[in-house]
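# Per-entry structural report
Letter by letter, the chains look like this.
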Amino acid sequence: SLKVGVPRENFPGETRVSLVPSAIKPLGKAGIELIVEAGAGLAAGFTDDEYREAGATLVNSRDDVFSQADVIAVVRAGGANVETGGEDLYRLKEGKVVIGHLDPLSHPDEITKLAERKVDAYSLELLPRITRAQSMDVLSSMATIAGYKIVLLAANELPRMFPMMMTAAGTVKPARVFIMGAGVAGLQAIATAKRLGSVVHAYDVRPVVKEQVESLGGKFVELDLETGEAEGKGGYAKEMGEEFLRKQREAMKKVIAESDVVITTAAIPGRKAPILVTADMVTALKPGSVLIDLAAERGGNCELTKAGETIDVNGVKIMGPVNLPAQVPFHASEMYSKNVQTFLLHLHKTGLREPDLSDEIVRDTLLTRGGDVVNDRVRSALGMELLNPPESEKPSAEEPAESNDASEETSSEPEQNEEAES
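Structural notes, computed from the coordinates. (Residues numbered from 1 in each chain as written. Predicted model: local features only at pLDDT ≥ 70, side-chain atom pairs only at ≥ 80, totals over all residues. Heavy atoms only, no water.)

## Considerations on unusual backbone geometry
Backbone geometry places Asp-103, a non-glycine residue, at a positive phi of 40°. Note that Asp-103 resides in the loop between β5 (97-101) and α4 (108-116). One non-glycine residue, Lys-118, lies in positive phi territory at about 60°. Note on placement: Lys-118 falls in the loop between α4 and β6 (120-123). (Helix = DSSP H or I, 4+ residues; strand = E, 2+ residues; numbered from the N terminus.)

Below you can see the structure in the form of structure tokens.
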């Protein structure tokens, strides 16, 4: 049978676990056995006894997990765990497989370290945006958690209540919440803020999401801006130019001035988050208002955001929370586990030892193999020669090669999105 190891997460403040007890039975039916480090799930609310009763093998040593398992399933490793991930490098022997958040586009140098260990590393952030990969999509799962939690944090900091109340002491007006970005996190934030009783306005560069915003009870803010190029591959927002962002900020300042809470959710994989709220725009907020930045880990959508801190600017609180899914570890772990479980079963079915590179799910997520970086998006970030360059960059030949749509899609410049990540 294939053995999958679940170590305790060693990233500071990480409370999630990569696989929960409910995943053991379906994996077991496929011949996959779990080896779990004692205490791996405690912070998320899953006891060792639950793992043991479900059929997992519990071991007390981290070294035992890495030595006994063929596959190591983690929440954070590689570029997603620069602080402490290096402690596990010596434990990774040739031929092992690593699956999890690896953040390869932000920290490509960390991926070369995995390549040097001659392991097969799969980054779940790079899953293609296709229908059959939806059940493996960790970015959407964790963005759902983050979008929910960020509204609760804002409500806790705001010195007024969210819902309208009619009492003997008078009528309490509802809070006005403005959400910038209507990706997965933004839509969940809209739904949560509406459930709490606030008046919700939302904006996105893609006019097509207006219907989704309104279906959740929000009011879509329409600006007189050219947005014809705003939507990219898979329905996600593309990164816009600086001139567009400047005009957007000018138009947004009026909306922000009328808001009690501003929530920003625009993040671009592998790049610094775009500045949506400048220091000048913050001056439009009333004292007592709250601005909470979901892109704090990527540099922030607000010019004044400090990751992991809450600062006061003339009575306005600017919050830069990090790793929000870890603040809801039970359900975040359940959702992440389901993604990993589905991905594992797919790899097991298509061939774990000899990856099927004709499958775009496998091809797009595989970063390293045989001591080399094999993912062109990461190779590009490292300045390396591409293995499958776009057709326009390939040398001409007497006989044109047969078209290969799959390889062309892989090697083309990836679309950027403005959806929040975790």
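## Considering the pairing of β6
Across the two faces of β6 the burial is the same, with Asp-120 and Tyr-122 and Ala-121 and Ser-123 all buried. One ladder, built from 4 bridges, connects β5 with β6; its direction is parallel. When the sheet's bridge partners are listed, Val-97 is paired in β6 with Asp-120. After leaving β5, the chain enters α4 and then returns to the sheet as β6, a path that is right-handed. As paired elements, β6 and strand β16 (residues 366-369) share 2 bridges and run antiparallel to each other. Pairing of Ala-121 across the sheet is with Thr-368, part of β16. (Buried < 20%, exposed > 50% of the residue type's maximum accessible area, 1.4 Å probe, protein only. Pairing = 2+ DSSP bridges. Right-handed = clockwise from strand over helix to strand, strands pointing away.)

## A short note on the nonpolar core
Counting residues in hydrophobic clusters, the biggest one holds 42 residues, and the most contacted among them are Leu-19, Leu-34, Ile-99 and Phe-343. For this core, the elements supplying multiple residues, two or more each, are β1 (2-6), α1 (24-29), β2 (32-37), β4 (71-76), β5, α5 (138-157), α10 (329-350) and α11 (360-365). If one sorts the elements of this core by residue count, α10 sits on top with 6 residues. In this structure, Ile-150, Ala-154, Val-290 and Ile-292 belong to the second largest nonpolar core, which totals 29 residues. (Core = buried A, V, L, I, M, F, W, Y, C linked by side-chain atoms within 4.5 Å.)

## Describing the packing of α5 against helix α6 (residues 184-195)
For any two helices packed against each other, the geometry is given by the interaxial angle and the distance between the axes. Put simply, α5 and α6 touch, their axes get as near as 7 Å, and they point 35° apart. At the point where α5 passes α6, the crossing takes the right-handed sense. Contacts from Ser-140, Ala-143, Thr-144, Gly-147, Tyr-148, Ile-150, Val-151 and Leu-152 of α5 reach α6 at Val-184, Ala-185, Gln-188, Ala-189, Thr-192 and Ala-193. Across the contact of α5 with α6, the residue classes break down as 9 nonpolar, 5 polar and no charged. (Axes fitted to C-alpha atoms, helices over the stretch in contact; angles between N-to-C directions. Left-handed = near helix turned anticlockwise from the far one by under 90°. Contact = heavy atoms within 4.5 Å. Nonpolar A, V, L, I, M, F, W, Y, C, P; charged D, E, K, R; others polar.)

## Focus on α6
For α6, spanning 12 residues, the distance from its first C-alpha to its last is 17 Å, which sits close to the expected 16 Å at 1.5 Å a residue. When we look at burial in α6, the residues that qualify are Ala-185, Gly-186, Leu-187, Ala-189, Ile-190, Ala-191, Thr-192 and Ala-193. If you follow the buried residues of α6, they end up packed against α5, β9 (176-180), β10 (199-203) and α7 (210-215). (Expected span 1.5 Å × (residues − 1).)

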